[in-house]
Amino acid sequence: MSFFANIDWSDIGQACLDTLIMLAGSLILTIALGLPLGVLLYLTGQGRLSQNRVANVVLGVIVNILRSVPFIILLIVMIPLTVMLVGTSLGVAGAIPPLVVGAAPFYARLVEGSLKEVDRTTIEAVQAMGATTRQIVTGALIPEALPGLIAGATVTAVALVSFTAMAGVVGAGGLGDLAIRFGYQRFQTDVMVVTVVLLVVLVQILQYAGDALARHFTRR
C-alpha cells in the first residue's frame, strides 16, 4: 500500500471524469466537422461526382496544414481563439476547441479514404436511377463505407486520448494534467503509473468497442 501513498483517489476520479468529458465532447464535434469535410474532399476529387480542382486543392491544403502542426503547438497558438469561443483557455472547456481543430482534419482524411474504397459500380447504379448527389452520398456512399468510417472514428478517438493527455500541459485538466502536475513536477511515480494505466485501459476499451461496432456493420 505504501507505493500508493501519494494517490488521492478523489482527484483520480475527477481527472477520469474530465478526460471522458473532453473525449466525448471533442469526438462528437470532430465527427460532425470531419465527416462533411471528408465527403467534400472525396466529391471534389478528380473523376468524382462534383469534381472541382480548385475547391479540392484549397480544402486539401487547409487539412494538410492543420494536420502538420504538432498538437502541443496548436494548443498554444489557439489560446486567443479558444478564449474568444469559450471564454477560457483552461479546464475542460478550454481544451475542446484545439482538440477538435487538431482531430477533425485527421478524421476527414480517414473519411475520404473510406469513401474511395466504395465500389464505383454501386455509385454508378444509384446514379443511373436518377439519384441526386446528396441522395448518392446519404443512400449509398456513407452506408457502404460505414465500417471504415467507424474504424476511422475509433482511430481518431484513440488519438484524442493522447491529445487530452498533452492538453494537461496548459492546464486543461484530466489525467494528463494530473500526471504532469504530480507525476512529473513533484516526482510522484505512483501518480504517474496510475494515470498511465488508466489511459491505457481507456484506449483498450475504445479500440475493442470500435472494432466490435465495425464488425457488426460489416456483417450486415
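This text follows the structure it describes.
What this report covers is the structure whose coordinates are included nearby. Fair warning: this is a prediction, and the values are worked out from it, not measured in the lab. (Residues numbered from 1 in each chain as written. Predicted model: local features only at pLDDT ≥ 70, side-chain atom pairs only at ≥ 80, totals over all residues. Heavy atoms only, no water.)

## A closer look at the overall build of the protein chain
Then, number 1: The helix and strand inventory of the protein chain stands at 9 helices and 0 strands.
Then, number 2: Starting at the N terminus and ending at the C terminus, the protein chain contains elements arranged as α-α-α-α-α-α-α-α-α.
Then, number 3: Taking the principal axes of the C-alpha coordinates as reference, the protein chain spans close to 70 × 40 × 25 Å.
Then, number 4: When the 220 residues of the protein chain are sorted by exposure, 39% land in the buried category.
Then, number 5: For the protein chain, long-range pairs separated by at least 24 residues make up 74% of all intrachain contacts whose partners lie at least 6 apart in sequence.
Then, number 6: When the accessible surface of the protein chain is split by element, carbon and sulfur atoms take 67% of a total near 11700 Å².
Then, number 7: In the protein chain, 12 positive and 11 negative side-chain charges are present, and the distance between their average locations comes to 10 Å. (Helix = DSSP H or I, 4+ residues; strand = E, 2+ residues; numbered from the N terminus. Buried < 20%, exposed > 50% of the residue type's maximum accessible area, 1.4 Å probe, protein only. Contact = heavy atoms within 4.5 Å. Areas by Shrake-Rupley, 256 points an atom, 1.4 Å probe, with all protein chains shown as cover. Lys, Arg positive; Asp, Glu negative; His and termini not counted. Charge placed at Lys NZ, Arg CZ, Asp CG, Glu CD.)

## Points about the packing of helix 1 (residues 9–43) against helix 5 (residues 91–116)
Then, number 1: In the contact formed by helix 1 and helix 5, the axes pass within 6 Å of each other and the chain directions differ by 40°. As the angle between them shows, helix 1 and helix 5 are arranged oblique. Crossing of helix 1 over helix 5 shows right-handed handedness.
Then, number 2: Per-class residue counts for the contact of helix 1 with helix 5 are 21 nonpolar, 5 polar and 4 charged. (Axes fitted to C-alpha atoms, helices over the stretch in contact; angles between N-to-C directions. Parallel < 35°, antiparallel > 145°, perpendicular 65-115°, else oblique. Left-handed = near helix turned anticlockwise from the far one by under 90°. Nonpolar A, V, L, I, M, F, W, Y, C, P; charged D, E, K, R; others polar.)

## Comments concerning helix 5
Then, number 1: Here helix 5 contains 26 residues, and its C-alpha end-to-end distance of 38 Å stays within 8% of the 38 Å for a straight helix at 1.5 Å per residue.
Then, number 2: Of all the bends found along helix 5, the most pronounced is centred on A103 and spans about 25°, while P105, a proline, follows it within four residues. (Expected span 1.5 Å × (residues − 1). Bend = angle between axes of the 7 residues up to and from the residue.)

## A short note on the packing of helix 6 (residues 120–128) against helix 7 (residues 133–167)
Then, number 1: The geometry of helix 6 relative to helix 7 is characterised by a closest axis approach of 10 Å and an angle of 160° between their N-to-C directions. Considering their axes alone, helix 6 and helix 7 lie roughly antiparallel with respect to each other. Considering how the two elements wind past one another, helix 6 and helix 7 form a crossing that is right-handed. When helix 6 is examined against helix 7, the residues T122, I123, V126 and Q127 are found in contact with a partner set consisting of I136, A140, L141 and E144.
Then, number 2: Partitioning the contact of helix 6 with helix 7 into residue classes produces 5 nonpolar, 2 polar and 1 charged.

## Some details on the pattern of salt bridges
Then, number 1: Counted according to the given criterion, the structure contains 3 salt bridges.
Then, number 2: The partner of R109 in a salt bridge is E112, with the nearest N and O atoms 2.7 Å apart. In this pair, R109 and E112 both sit in helix 5, 3 residues apart, roughly one turn of the helix.
Then, number 3: Relative accessible area serves as the criterion here: at 21%, R109 is assigned to the partly exposed category.
Then, number 4: For E112, a relative accessible area of 9% corresponds to the buried category.
Then, number 5: Note that D177 is salt-bridged to R181, the shortest N-O span being 2.9 Å. One end of the pair is D177 and the other is R181, both in helix 8 (residues 174–184) and 4 residues apart, which spans about a single turn.
Then, number 6: Look at D177 and you get buried, because its relative accessible area is 10%.
Then, number 7: Counted as one network, the salt bridges with shared partners bring together R109, E112 and K116. (Salt bridge = Lys/Arg side-chain N within 4 Å of Asp/Glu carboxyl O.)

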